Amino acid sequence: MNIGSTDNIEIRTLVVEVRDQLAPDLDLAFAERHDADADHTHADTSKARELLGYEPTHTIREGVGNFIEWYQANREWYEPLVMNS
């Protein structure tokens with residue numbers, strides 16, 4: 001199941017949002033697009049709604065901010081777990 005926000009956001013906008021919250025002085029560089037690259041992202045939460053009664057309560061920007069806050073508090077154990085999986 002996809003649990004997320006149903007907001008539609010451009011990938012570049014999402015990248016800027018993450019950068020602004022983590023490292024505002026970081027210069028962004030983009031490689032050439034691939035045909036399979038998505039322009040936008042959003043979650044289809046219909047199955048979660050149907051089976052669990054799930055409804056998003058945060059925007060994608062709020063969710064990014066919450067995740068970054070959580071990540072910074074849990075980075076010590078979380079990063080090695082992700083890097084080694």
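Parameters and conventions
Residues numbered from 1 in each chain as written. Predicted model: local features only at pLDDT ≥ 70, side-chain atom pairs only at ≥ 80, totals over all residues. Heavy atoms only, no water. Helix = DSSP H or I, 4+ residues; strand = E, 2+ residues; numbered from the N terminus. Buried < 20%, exposed > 50% of the residue type's maximum accessible area, 1.4 Å probe, protein only. Contact = heavy atoms within 4.5 Å. Areas by Shrake-Rupley, 256 points an atom, 1.4 Å probe, with all protein chains shown as cover. Lys, Arg positive; Asp, Glu negative; His and termini not counted. Charge placed at Lys NZ, Arg CZ, Asp CG, Glu CD. Phe/Tyr/Trp six-rings, centres within 6.5 Å; stacked < 30°, edge-to-face > 60°. Salt bridge = Lys/Arg side-chain N within 4 Å of Asp/Glu carboxyl O.

A.B. asks: Account for the overall build of the chain, naming residues and giving values.
C.D. replies: Each helix and strand counted, the chain has three helices and two strands in total. When the helices and strands of the chain are placed in sequence order, the string is β-α-β-α-α. With respect to the three principal axes, the spread of C-alpha positions in the chain is 40 × 35 × 25 Å. Within the chain, buried positions represent 15% of all 85 residues. Taking all contacts inside the chain whose residues are at least 6 apart in sequence as the whole, residues at least 24 apart take part in 78%. For the chain, the exposed surface amounts to about 6,900 Å²; the carbon and sulfur share of it is 51%. The averaged location of the 17 negative side-chain charges in the chain is 2 Å from the averaged location of its 7 positive side-chain charges.

A.B. asks: Talk me through the packing of aromatic side chains; I want residue IDs and the actual numbers.
C.D. replies: Taken as a whole, this structure holds seven aromatic pairs when the rule is applied. For the ring pair Trp70 and Trp77, a centre distance of 5.9 Å and an interplane angle of 90 degrees mean the geometry is edge-to-face. The structure contains a cluster of three or more aromatic residues connected by ring pairs, namely Phe67, Trp70, Tyr71, Trp77 and Tyr78.

A.B. asks: Describe in detail the pattern of salt bridges, supporting the description with residues and values.
C.D. replies: In a structure, side chains of opposite charge can pair up when their charged atoms sit close to one another. Applying the stated rule across the entire model yields five salt bridges. Note that Asp20 and Arg19 form a salt bridge whose closest N and O atoms lie 2.8 Å from each other. With relative accessibility at 18%, the residue Arg19 sits in the buried group. The partner of Asp39 in a salt bridge is Arg33, and the shortest N-O contact between them spans 2.9 Å.

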